[in-house]
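Fold and geometry: a report
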Amino acid sequence: MENEPMIIGMTVGGNDPIASLEKVESLDIATCQMYVPPEEWWVKDRLELIKKTMQEKGIRITTLVCHFEGEEWDNIATIKRTVGLLNRATREKRVKKILSSSDFARNLRVKVLQTHIGFIPLERNDPDYQGLVKVLQRIVDYCKKNNQTFTLETGQEEAQTLAIFIEDVNRPNLGVNFDPANMLLYDAGNPIEALDILGKHVIGVHCKDGKRPTKKGELGKEYPLGEGDVDIRRFIDKLKEIGYTGPLTIEREIAGEKQIRDILKAKELLEKLR
Ligand code: MG
């Protein structure tokens, strides 16, 4: 069952990996993408505890998601300044964090490492564009040594920009985690059409829904799966059309009881559509 096509998953936090795995189990879900746990979890006995818990519960961590101190997601301007690898003041420190997270993922036998790298500049001759290509080559080559794929979460730029960037980095173990809702939240094109452009690079997906922003400079709004403007039925059909067989990872970026209810509804919906 663990290797069935389009197996359902969910995203979970990494602060307490054991509690996160228990949450996944309680929803009867078999895979998850987990945020990289804090470094106190990187020591041998704690690492073994995570592995043992995964095994006992029959849950696979498909992807570890890198995130950074100081990231703020309030609006487009703060995202540009604080998220990912665009800001030169924090770039090197964050690259090092990704490389060490890759080692942690290897020890946990996780094959995919992922992050939002931030807004990719539109112009190829922009020094930040060139800088990003270079650091991505370094990161992706490091992941290759650990037998991993590195994925970029979609949505902060249009599919064509991302496709050109991936060509310029030019490494076979670089792919995308396709989040259709982000394309609406950041008003970055049509998510279904984007799959025609990015299809061959899709390693993972987030099953998330949303609507476009109503004011420039703001973000759109996330909705429960099936209630936004992604058109989840067409999204899943399109994934089948491009031959995608990886996990369908539900992402619902709220907390509490409502999150649990929405995830269970999303799971029911995906079980019908996949
Ligand atoms: Mg996402």
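To be clear, the structure that these remarks concern was listed above.
A brief look at the structure comes next. (Residues numbered from 1 in each chain as written. Predicted model: local features only at pLDDT ≥ 70, side-chain atom pairs only at ≥ 80, totals over all residues. Heavy atoms only, no water.)

As for the overall build of the protein
Heads up, the condition is: Every helix listed is a DSSP run of H or I at least four residues long, and every strand listed is a run of E at least two residues long, numbered separately from the N terminus. Atoms counted for the radius of gyration: C-alpha only. Globule rule: 2.2 Å times residue count to the power 0.38. Per-residue accessibility, obtained with a 1.4 Å probe over protein chains only, is compared with the maximum for each type, and a residue is labelled buried under 20%, exposed over 50%, and partly exposed between these values. We get accessible surface area from the Shrake-Rupley algorithm with a probe of 1.4 Å; when it comes to residues, only the shown protein chains can shield them. Positive charges come from Lys and Arg alone, negative charges from Asp and Glu alone, with His and the N- and C-terminal ends not counted. Lys charges are placed at NZ, Arg charges at CZ, Asp charges at CG and Glu charges at CD.
The number of helices and strands found in the protein is 10 helices and 10 strands. Taking 2.2 N^0.38 as the reference for a compact globule, 274 residues should give roughly 19 Å; the C-alpha atoms of the protein span a radius of gyration of 18 Å, in line with that estimate. Counting only C-alpha atoms, the protein reaches 50 × 40 × 35 Å along its principal axes. For the protein, with 274 residues in total, the buried portion stands at 55%. With an accessible surface of roughly 12,900 Å², the protein has 47% of that area assigned to carbon and sulfur atoms. The distance from the centre of the 42 positive side-chain charges to the centre of the 44 negative ones in the protein is 3 Å.

Thoughts on the pattern of salt bridges
Pairing of side chains with opposite charge becomes possible as their charged atoms draw close. The line we're drawing: By salt bridge we mean one thing: a side-chain nitrogen of Lys or Arg within 4 Å of a carboxyl oxygen of Asp or Glu.
Counting across every chain of the model gives 21 salt bridges. With a shortest N-O distance of 2.9 Å, Arg138 and Glu92 are connected by a salt bridge. Of the two residues, Arg138 sits in helix H5 (residues 127–145) while Glu92 sits in helix H4 (residues 88–107), which places them 46 residues apart along the sequence. Here Arg138 falls in the partly exposed class, since its relative accessible area comes to 36%.

What to know about the coordination of the magnesium ion
For the record, the criterion: Only nitrogen, oxygen and sulfur atoms qualify as donors, provided they sit within 2.8 Å of the metal or within 3.2 Å for Na, K and Ca; with water excluded from the atoms, sites may seem incomplete.
The protein atoms donating to the magnesium ion are Glu153 (OE), Asp179 (OD), His206 (ND1) and Glu251 (OE), with metal-donor distances spanning 1.9 to 2.2 Å. We note that the donor set of the magnesium ion lies within a single chain, spaced as E-x25-D-x26-H-x44-E. Linking Asp179 in the loop between strand E6 (174–178) and helix H7 (180–185) with Glu251 in the loop between strand E10 (248–250) and helix H10 (256–273), this pair joins segments that are 72 residues apart in sequence. The class for Asp179 is buried, based on a relative accessible area of 0%. In this structure Glu251 comes out as buried when scored by relative accessible area, which is 4%.

Re the pairing of E6
The condition is simple: Strand pairing is assigned whenever DSSP detects at least two bridges linking the two strands. Crossovers are marked right-handed if the path from the first strand over the helix to the second runs clockwise, as seen with the strands pointing away from the viewer.
Of all 5 residues that make up E6, 5 are buried, and the element is covered over most of its length. Note: strand E5 (residues 149–153) against E6, 4 bridges, orientation parallel. Within E6, the residue paired with Glu153 across the bridge is Asn177. The handedness of the E5 to E6 crossover, carried by helix H6 (residues 159–169), is right-handed. One ladder, built from 3 bridges, connects E6 with strand E7 (residues 202–207); its direction is parallel. Paired with Phe178 across the bridge in E7 is Val205.

Quick notes on the packing of H4 against H5
Condition: The angle between two axes is taken between their N-to-C directions and runs from 0 to 180 degrees, where each axis is a line fitted to C-alpha atoms and a helix contributes only its stretch in contact. Orientation categories follow fixed angle ranges, with anything under 35 degrees roughly parallel, anything over 145 roughly antiparallel, 65 to 115 roughly perpendicular, and all other angles oblique. Left-handed describes a crossing whose near helix is turned anticlockwise from the far helix through less than a right angle; right-handed describes the clockwise counterpart. By definition, residues are in contact when any of their heavy atoms lie within 4.5 Å. Amino acids are sorted into nonpolar (Ala, Val, Leu, Ile, Met, Phe, Trp, Tyr, Cys and Pro), charged (Asp, Glu, Lys and Arg) and polar (every other residue, Gly among them).
Viewed as axis vectors pointing N to C, H4 and H5 meet at an angle of 15°, and their least axial separation amounts to 10 Å. In this view, H4 runs roughly parallel relative to H5, as classed from their interaxial angle. The interaxial crossing formed by H4 with H5 has right-handed handedness. Across from Arg88, Arg91, Glu92, Val95, Ile98, Leu99, Ser102 and Asp103 in H4, the residues of H5 making contact are Pro127, Asp128, Gly131, Val135, Arg138, Ile139, Tyr142 and Cys143. Taken together, the residues of the contact of H4 with H5 sort by class into 8 nonpolar, 2 polar and 6 charged.

Brief notes about the nonpolar core
For clarity, the threshold we go by: Throughout this description, the term nonpolar core refers to a set of buried Ala, Val, Leu, Ile, Met, Phe, Trp, Tyr and Cys residues connected via side-chain atoms within 4.5 Å.
Ile61, Leu64, Leu85, Leu136, Phe150, Phe165 and Phe235 are the most contacted members of the largest nonpolar core, which has 83 residues in total. Broken down by element, this core gets its largest block of residues, 8 residues, from H5. In this structure, Leu136 is in contact with Leu85, Ile117, Phe150, Leu152, Phe165, Val169 and Leu174, ignoring residues within four places of it in sequence.

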